[in-house]
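So the chains spell out like this:
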Amino acid sequence: MIHQFNVHALLRDRADQPSFHVLAERHLRIEFRNLEAGTAVGPFTYEGDVLITCWTGVFSIEAGASTTELRELEQAVIPSGTLVRLACGARGSIQLIWSPPHAATRQA
């Protein structure tokens, strides 16, 4: 079965939801987060890889000893076991693709 969705429509229709999952399959999970400026996710470690896509807004990613900023349509990959913190600098939406879908997550 092919799962298809339109990201712009999802973000428009679910703008009032702080977090929502679109899909959880055997090898990946897709989640969206709508965050306000000044809010953060983490720090946490995930025993899998995470692909983060910024759809709108500005986000700072602290991962291990590195820090980077994501703007609209930019992506970052966080390797398994890395301590990470996502901070919202300007209201926006990010997509997280978790692989494997339900690996251990530890809040720091």
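These numbers were taken from a predicted model, which means no experiment stands behind them.

> Account for the pattern of salt bridges, naming residues and giving values.
Within the structure shown, the criterion is met by 6 salt bridges. Among the ionic pairs, Glu 31 bridges to Arg 33, the shortest N-O distance being 2.7 Å. For Glu 69, the salt bridge identified is with Arg 71, shortest N-O distance 2.8 Å. The class for Glu 69 is partly exposed, based on a relative accessible area of 42%.

> Break down the packing of aromatic side chains for me, with residues and values.
Geometry of an aromatic ring pair is reported as the spacing of the ring centres plus the angle between the planes. Per the counting criterion, the structure on display carries 3 aromatic pairs. Ring centres of Phe 44 and Trp 98 lie 5.9 Å apart, and the angle between their planes is 45°; on these two criteria the pair is classed as tilted. You can see Phe 44 sitting in strand S3 (residues 40-46) and its partner Trp 98 sitting in strand S7 (residues 84-99), a full 54 residues away along the chain. Both residues of the pair, Phe 44 and Trp 98, belong to the buried class. Consider the rings of Tyr 46 and Trp 98, whose centres lie 4.7 Å apart with planes at 65°: the pair is edge-to-face. Here Tyr 46 is found in strand S3, whereas its partner Trp 98 is found in strand S7, with 52 residues between them in sequence. For Tyr 46, a relative accessible area of 2% corresponds to the buried category. Here the aromatic residues Phe 44, Tyr 46 and Trp 98 are joined through ring pairs into a cluster of three or more.

> A description of the environment of Glu 74 should follow, citing residues and the corresponding values.
When you line up the elements, Glu 74 lands in the loop between strand S5 (66-70) and strand S6 (75-78). Relative accessible area serves as the criterion here: at 35%, Glu 74 is assigned to the partly exposed category. In the structure, Glu 74 is positioned 20 residues away from Cys 54 in sequence and 5.6 Å away in space, judged by C-alpha atoms. Setting aside residues no more than four positions away along its own chain, Glu 74 makes contact with Ile 52, Thr 53, Cys 54 and Glu 69.

> Can you explain unusual backbone geometry? Please cite residues and give values.
Of the consecutive residues Gly 42 and Pro 43, the connecting peptide bond is found in the cis state with omega at 15°. Examined against the element boundaries, Pro 43 turns out to sit in strand S3. In the segment running from Ser 99 into Pro 100, the intervening peptide bond is cis, with an omega of 0°. If you trace the backbone, Pro 100 turns up in the loop between S7 and strand S8 (105-107). We note that Leu 73 has phi near 70°; this positive angle belongs to a residue other than glycine. Here Leu 73 lies in the loop between S5 and S6. For Leu 73, a relative accessible area of 57% puts it in the exposed group.

What counts and what doesn't
Residues numbered from 1 in each chain as written. Predicted model: local features only at pLDDT ≥ 70, side-chain atom pairs only at ≥ 80, totals over all residues. Heavy atoms only, no water. Salt bridge = Lys/Arg side-chain N within 4 Å of Asp/Glu carboxyl O. Buried < 20%, exposed > 50% of the residue type's maximum accessible area, 1.4 Å probe, protein only. Phe/Tyr/Trp six-rings, centres within 6.5 Å; stacked < 30°, edge-to-face > 60°. Helix = DSSP H or I, 4+ residues; strand = E, 2+ residues; numbered from the N terminus. Contact = heavy atoms within 4.5 Å.

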